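This is what each chain is made of:
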Amino acid sequence: MFKGFKDFLMRGNVVDLAVAVVIGSAFTAIVTAFTNGLIKPLISTIGGTDAAKGLGYQIFENNQATFLDFGGVINAAINFVLVAAVVYFVIVLPVKHVQERRKRGQEPGPSEPTDVELLIEIRDLLRAQSQRDNGRD
């Protein structure tokens, strides 16, 4: 049971995904700080009636909730593009390159158990089952 779980974890996909989630979360914080600290102030200089609001349009003067924040949307789009670019160039391309090398045979893939190893495992399981059955009689 534990061997199957270990094989599942060591397949590569699970580890790669876990690393990608952790790195993606950390990188998202960096990109958000970058865009909020540098890009959004630059967008705010372009327009808007109030410099703190940035690029946008106030539909009703007396109602702050009617402010259309174009700067915030542009900021989110920049965040997305930067995170997507890093994920693509740092994770997707290297993994694709390794997979192509494995297909060409330059790099070995995950090792599969040999026929002898499988037969030994079956023998050991049958022996253990036989011992349990003999102990119950």
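Since this is a predicted model, take the numbers as computed values, not measurements.

Caption draft 1: Inspection of the overall build of the chain at higher detail. Across its full length, the chain carries 4 helices and 2 strands. For the chain, the α and β elements follow one another from N to C terminus as α-α-β-β-α-α. The 137 residues of the chain split such that 12% are buried. Roughly 10900 Å² of accessible area belongs to the chain as shown, and the carbon and sulfur atoms make up 66% of that amount.

Caption draft 2: Just the pattern of salt bridges, in detail. Per the stated rule, a full pass over the model turns up 1 salt bridge. Its salt-bridge partner being Arg123, residue Asp124 comes within 3.0 Å of it at the nearest N-O pair. Residue Arg123 is classed as partly exposed on the basis of its relative accessible area of 41%.

Caption draft 3: Spotlight on helix 3 (residues 70-104). Between its first and last C-alpha, helix 3 extends 49 Å over 35 residues, near the 51 Å set by a 1.5 Å rise per residue. Along helix 3, the helix axis deviates most sharply at Tyr88, where the bend reaches about 35 degrees.

Caption draft 4: Local environment of the confidence of the model for the chain. For the chain, per-residue confidence averages 76 on the pLDDT scale, and residues scoring 70 or more make up 80% of the total. Taken element by element, the predicted model of the chain shows its lowest mean pLDDT in helix 1 (residues 2-10) (67) and its highest in helix 4 (residues 115-136) (84).

Caption draft 5: Local environment of the packing of aromatic side chains. Tallied over the full model, the rule gives 1 aromatic pair. Both rings, one in Tyr88 and one in Phe89, keep their centres 5.1 Å apart while their planes meet at 80 degrees; by these two values the pair is edge-to-face.

Caption draft 6: Quick look at the side chain of Thr66. Relative to the helices and strands, Thr66 resides in the loop between strand 1 (56-58) and strand 2 (67-69). Assessed through its relative accessible area of 13%, Thr66 is described here as buried. One polar contact links the side chain of Thr66 to the main-chain amide nitrogen of Phe60, over a distance of 3.1 Å. The residues touching Thr66, leaving out its near neighbours within four places in the chain, are Tyr57, Gln58, Ile59 and Phe60.

Caption draft 7: Main features of the environment of Leu42. Its location among the elements puts Leu42 in helix 2 (residues 13-44). Taking relative accessible area as the criterion, Leu42 reaches 56% and is therefore assigned exposed. Sequence separation of Leu42 and Leu55 is 13 residues, and the distance between their C-alpha atoms is 9.7 Å.

Caption draft 8: Region of the structure containing the environment of Thr45. With respect to the element layout, Thr45 can be found in the loop between helix 2 and strand 1. The class of Thr45 is exposed, set by a relative accessible area of 65%. The spatial distance from the C-alpha of Thr45 to the C-alpha of Leu55 is 7.6 Å, given a sequence separation of 10 residues.

The rules behind each value
Residues numbered from 1 in each chain as written. Predicted model: local features only at pLDDT ≥ 70, side-chain atom pairs only at ≥ 80, totals over all residues. Heavy atoms only, no water. Helix = DSSP H or I, 4+ residues; strand = E, 2+ residues; numbered from the N terminus. Buried < 20%, exposed > 50% of the residue type's maximum accessible area, 1.4 Å probe, protein only. Areas by Shrake-Rupley, 256 points an atom, 1.4 Å probe, with all protein chains shown as cover. Salt bridge = Lys/Arg side-chain N within 4 Å of Asp/Glu carboxyl O. Expected span 1.5 Å × (residues − 1). Bend = angle between axes of the 7 residues up to and from the residue. pLDDT = per-residue confidence, 0-100. Phe/Tyr/Trp six-rings, centres within 6.5 Å; stacked < 30°, edge-to-face > 60°. Polar contact = N/O pair within 3.5 Å; in protein donor to acceptor, adjacent residues only side chain to side chain. Contact = heavy atoms within 4.5 Å.

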